[in-house]
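# Summary of the model geometry
The lines below spell out each chain.
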Amino acid sequence: MIIGSLRRVTRYASWPRIRKSLKGVPWFPLVIMVLFVVVGVFGRQLAPHDPLKIDIEIRLLPLFFMKGGSLQYPLGTDHLGRDVLSRLIVGSGVSLQVSLVVIAVAASIGALVAVVAGYLGGWVDTILMRLVDIIMSMPWIIIALVFASIVGAGVRNIIIILSIFAWPGYARVLRGEVLRIKQGDFVRLAVVAGASKARIMLRHIFPNIVNTLVVISTLQVGSIILAEAGLSFIGVGVPPPRPAWGAMAADGVGYIFTQWWLAVLPGVAIVLVVMSTNLLGDWLRVRLDPKFRQL
Amino acid sequence: MGEILVEARDVKKYFPVNRGVIVLKHLGDIKAVDGVSFTIGKGETFGLVGESGCGKTTTARLILLLETLTGGTIFFDGKDTSELSGPELRKYRASVQAVFQDPYSSLSPRMRVGTIIAEPVVIGGAISTNGIKDRIAQVIKMVGLRRDAMELYPHEFSGGQRQRIAIARALASNPKLIILDEPVSALDVSIRAQIMNLLYDIQQKLGVSYLLIAHNLAVVKHMSKVTGVMYMGKLVEVVESQELYLHPLHPYTQALLSAALPSHPDEQREEIVLPGEVSTPFNPPPGCRLYRRCLYARPVCSEQDPPLKEVSSGHFVACHLH
Amino acid sequence: MKSVEQKISSGNVLEVKDLKTYFFTGRGVVKAVDGVSFELKEGETLGLVGESGCGKTITCLSILRLVPGPAGRIVGGEVILDGDDLLSKSEKAMRRIRGKKVSMILQDPMVSLNPVFTIGNQMAEPVRIHQKLSRRLVWEKVKEMLRLMSIPSPEIRIREYPHQMSGGMRQRVVGGIALSCQPRLLIADEPTTSLDVTIQAQYLRLLKEVQQKENLAMIMVTHDLGIVAKVCDRVAVMYAGKIVECGDVREIFYRPAHPYTKALLGSLPKMEERQEKLYTIEGQPPELHALPPGCSFAPRCPDVQEICKQEYPPQSIIKDGHCTSCWLFAARKA
C-alpha cells in the first residue's frame, strides 16, 4: 500500500505537473514564508551573535546606517546590549513552533468534532455545538491571564491555551461543509452499499473537507502568531530571557521616542509573516476550489 | 408472471410535522407514502411514475432502507426487510443497489473510480482482493468503459460516462434488484438512448430486476413491463405498460398521459387539464386524494378512500368509477 | 440605404447572419457559436435544438449581447432586429432594447425571481424602466400581465413573494415579466425543464396562446424534441457551435436529412410503439476546445466519408426553406 501510494506520488510529481500547479503562485509571500520557516528552524545556527549575551557597554546601539551604528550589529542592540538581529532570528522559532503545534492540535480536534457532529446530528450535534458556542463566547485573553498566573507562563502553556480557543472556529466552519457534503448522493449510496457510519465519516466525508481545512489553517497561522505575540507582549507568554517577537516589541515600547526601531522591527516581522500567510491562504482557497481548478 | 422478488404490502411512510423547541406539539403528518402495495418480479422492470412529491422517491428509499417504515411490510425474496440484521442485512445490502439521477453528485469526488466501484464489494467482504480486482474489470467492461478508467477520478469523465460508472458500481456486488431513480433525465438526449440500451442489455444478460422511477412517461413505458402511477402518496393505477398507454382508467393517469409531449408535430391529443395544483399530502382529508381536482368526482369520492382493486386481469385501479 | 434593407427583410423580426462567439480560455479558443445564421418572422416560433454545450444558449445570449466576458466575445456576424444591427449599438442603447424589444425566460424560476421582493414589484420593474407611466397605471399593467398568464386572483398574487408560489406559477410570473413591455422577440431558454409533466403541458400551451395573441416572434431553446413538436414552426438543429440542419418542423420530423438529426429522432423512446432497443449515436458529444478538422459530427457519424474528416461541408438546400450542412447532400448537388 505504501509502495503503491509512493508510486502514485512519483507519477503525479512530474516536473510539468509541478510547474503547472505553481502557476500564479504569489511569489513574494511564498519567499517570506520559506524564509520564516528556514530561520525558525535553524535560528540558533544562523544568528550572528548569542541572542542572550548581555553587554551593557554596547547597549542601545542604533541601526547600522545611522550615526554610531556598526555593521557588526546591523540592527543595533537593545537596552541590555543584546543583538537585535540575532534576537529576531531566534524569536521567529517561537512563533513558528507555537503556530504549527496549535494549528495541528486545533485542526485535528476541530475536524473530528465537525465530522462527528455534522454527520451524526441529533443530540451529539447539539451538545458539541453548544460547547463550541460556549468556548467562542469566552474572553480568551482574560482566561489566558488567569491561566498563566496559576500555572505560570511558558511556550507549552501558550500552546494549550491557544489550542483550546482555536478549535471551535474550525469546528463551526467545517460542520457547515459536512452538512452540505452529507446531502450528496454518494453518501446515500455508501449507506446503500452497507458502509458503517465510521467508514462514511472517514472515507466519504473527511476527504471532502480537507481543502477547506487547509485553507482555514493557512489563514489561521496569522492570527495564532498575533495571539502569541499579544500574550508575550502583556507578559504572560514566553518568559524572558528567551526572545519572542511580542516580548521584544513590549521591551521596545519604553524607548519608542528615542530608539523607535526596537519596537518597530519585531512589529514589521510580525506584519510581514501574517500578511504572507493570509495572501497564501487566499491563493490556496481559489486554487483548491474545483470551480477554478481548470483555469 | 414469474417468481416474485419484492413485495410491498400496505407500505406507509409519514413524516411528522412538529412545532416548538423543547415541548414538541405534533401538528400532523405528511403522508408521503400511504398504503402502497406492489410486486416486482424476478428479472422484470417495475416502473413508478408521478409528479414531484408523489412519493415515488420515498418508496424507493424505503426499499433501500434509507428510511424506516411507518407501517406495512416489504418482503425481499420472501423475507421481511425490517427484521434483517447482521450477515443477513449485509447480504441484503449487496443484493439491492441504486443508481441516482445526478451523476455529478453520486460519485465521491475524492475517490478513484476503481475504489468507488469496488466499495459495495469491499464492504460485503465475501471476495478476496484479487477477486475484487477481476470483478471490477468485469463490470467496467460490461458498462463499456475503458479499463484504465479505474485509475482516474470522476471529474475526468463526462455526464454519460459518470452514469456508466454509477451503473458499474451498482452491478459490482452482483445484485438482484437495482433501483433506478431518474437514471437518464440528467443526461443529454444522444446519451440517454445509450444508457437505456445498456440497462436493457444488462437485464437480459444478468436477469436483474429494476425498480424504475421517472417522470418521463415514454422512458417508463419503454423500459418497464409493469407501471404504477402514484399520486400524493397513493398508488392509483397499476397495469402492464402497454395497456396503461392504450387504456388508462384512472382520471389522473388520463390527465398525465394527455400531458405527455408528442413524438411528432401532427400528433393530436386532447389535453385533459385538471383544475388546481398538486399539494403536499399534509393531513390529507378522507376520501380520494384527487377528489378536489377530479373531473368525475362524486359524493362518495370525498367520503371513502377508493381501494386499489383489479378491474380486469392484471389491471389495478383505485377509483370509485371502476 | 436603411429603408431599402428594411424593405428586403420585411416580415423578418430577427435576422442572424454568420454569428460567431468565441471564448478565449487558458486551454485555447472555444468556438461556442461558429457561423450561425437564421431568421425569424412575426408570430413564428423557431426551435433551437441541441445537446448541452452545442452553443444554443450562447447564441441567445449573443443576440442580447450578454455573453459572459471577458473570456467570451462576439467576434463576427450580424444580429438584425427590425432592420437594426444590434452588434453595432452602444451598451446604453442595448439596455433600452433588453427587456423591451427582446426579452428572455430562463430555465429555473427560483433563480430568475428575487426572493425578497413581491411578485408585483418585480413585474412592475421593467414597466417602470421602459415606459413612463403613473404608479396606478403601472399597477394596472401588472395585473393585466398576471391575467394574460392565467394566474388566478391577481389582486392577491401581486402582493405575494416568490416562495409562496408553486414552480409552475413562478414560471408564469417570469413569463409575465418577459412580456410586460410588449417585446418583438421572446427567447425562452429551456423554460419547462424544472416543471412537472402536467404543469409543463399547461405552460407550453399558455405560451403558445400568448404568442399568437401578441404576434410575437419566439426562439424556443430546448433539448427535448417533444417540446419542438408541440410548439415550434421551424427548427434549427445545432451541433458543436454550428447549425447542421434547419427547416420547417414537419420537414425535420418526417424527412430529416442530416445524420445527427436522424439519430436524435431515432433515439427517442416512443409511446405508441413497442421497441426493444433504441437507436443510438455512439460516442460522446465533442469537446469544443479540441474539435476535429472537417465536420464535427464525423467521428460519430454512421455515414462518414473520407471528405467529412477534411473539410466542413457547405450548406445545401434540399427544399425551399430546408437546408443542411452535410457532404451527403453537397455531393449530390455537385
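Our subject is the structure that appears above.
Heads up: these notes are all about the structure in this document.

Thresholds applied
- Residues numbered from 1 in each chain as written.
- Chains lettered and ligands numbered in written order.
- Predicted model: local features only at pLDDT ≥ 70, side-chain atom pairs only at ≥ 80, totals over all residues.
- Heavy atoms only, no water.
- Contact = heavy atoms within 4.5 Å.
- Buried area = accessible area lost by both parts, 1.4 Å probe.
- Salt bridge = Lys/Arg side-chain N within 4 Å of Asp/Glu carboxyl O.
- Polar contact = N/O pair within 3.5 Å; in protein donor to acceptor, adjacent residues only side chain to side chain.
- Helix = DSSP H or I, 4+ residues; strand = E, 2+ residues; numbered from the N terminus.
- Nonpolar A, V, L, I, M, F, W, Y, C, P; charged D, E, K, R; others polar.
- Patch = residues over 30% accessible without salt bridge, like charges linked within 9 Å, V, L, I, M, F, W, Y side chains within 5 Å.
- Areas by Shrake-Rupley, 256 points an atom, 1.4 Å probe, with all protein chains shown as cover.
- Buried < 20%, exposed > 50% of the residue type's maximum accessible area, 1.4 Å probe, protein only.

## Some thoughts on the interface of chain B and chain C
- Counting residues at the interface gives 39 residues for chain B and 44 residues for chain C.
- Carbon and sulfur atoms supply 53% of the area buried between chain B and chain C, which totals about 4000 Å² over both sides.
- Ranking the residues of chain B by area buried against chain C places Val189, Leu261 and Pro265 of chain B at the top, with a combined share of 16%.
- At the boundary of chain B and chain C, one finds 4 salt bridges.
- Remark: the boundary between chain B and chain C carries 15 residue pairs in polar contact (both at pLDDT 80 or more).
- When contributions to the side of chain B that touches chain C are tallied by element, the ones reaching two or more residues are helix H6 (189–206), helix H7 (217–223), helix H8 (241–246) and helix H9 (251–259) of chain B.
- Examining the composition of the side of chain B that touches chain C, we find that 10 residues originate from one element, H6 of chain B, more than from any other.

## Describing the interface of chain B and chain A
- At the junction of the two partners, chain B supplies 26 residues and chain A supplies 21 residues.
- Between chain B and chain A the total buried area reaches about 2100 Å² when both faces are included, carbon and sulfur atoms providing 54% of it.
- Taken as a group, Arg93, Arg110 and Ile123 of chain B account for 26% of the area that chain B buries against chain A, more than any other trio of residues on that side.
- If you look at where chain B meets chain A, you find 1 salt bridge.
- The closest approach of N and O atoms between glutamate 119 of chain B and arginine 199 of chain A, which form a salt bridge, is 3.1 Å.
- Taken together, the connections running from chain B to chain A amount to 6 residue pairs in polar contact (both at pLDDT 80 or more).
- Of all the secondary-structure elements, those providing two or more residues to the side of chain B that touches chain A are strand E6 (96–99) and helix H3 (113–124) of chain B.
- Top contributing element to the side of chain B that touches chain A by residue count: H3 of chain B, with 5 residues.
- In terms of residue class, the side of chain B that touches chain A is made up of 12 nonpolar, 6 polar and 8 charged.

## Things to note about a nonpolar patch on the surface
Residues and elements named next belong to chain A.
- Together, Phe28, Ile256, Phe257, Trp260, Val264, Val268, Val271, Leu272, Met275 and Leu279 make up an exposed nonpolar region whose accessible area comes to about 940 Å².
- In terms of residues, the nonpolar patch owes the most to one element, helix H12 (residues 261–288), which gives 6 residues.
- Checked against the element boundaries, methionine 275 lands in helix H12.
- Classification of methionine 275 by relative accessible area gives partly exposed; the value is 37%.

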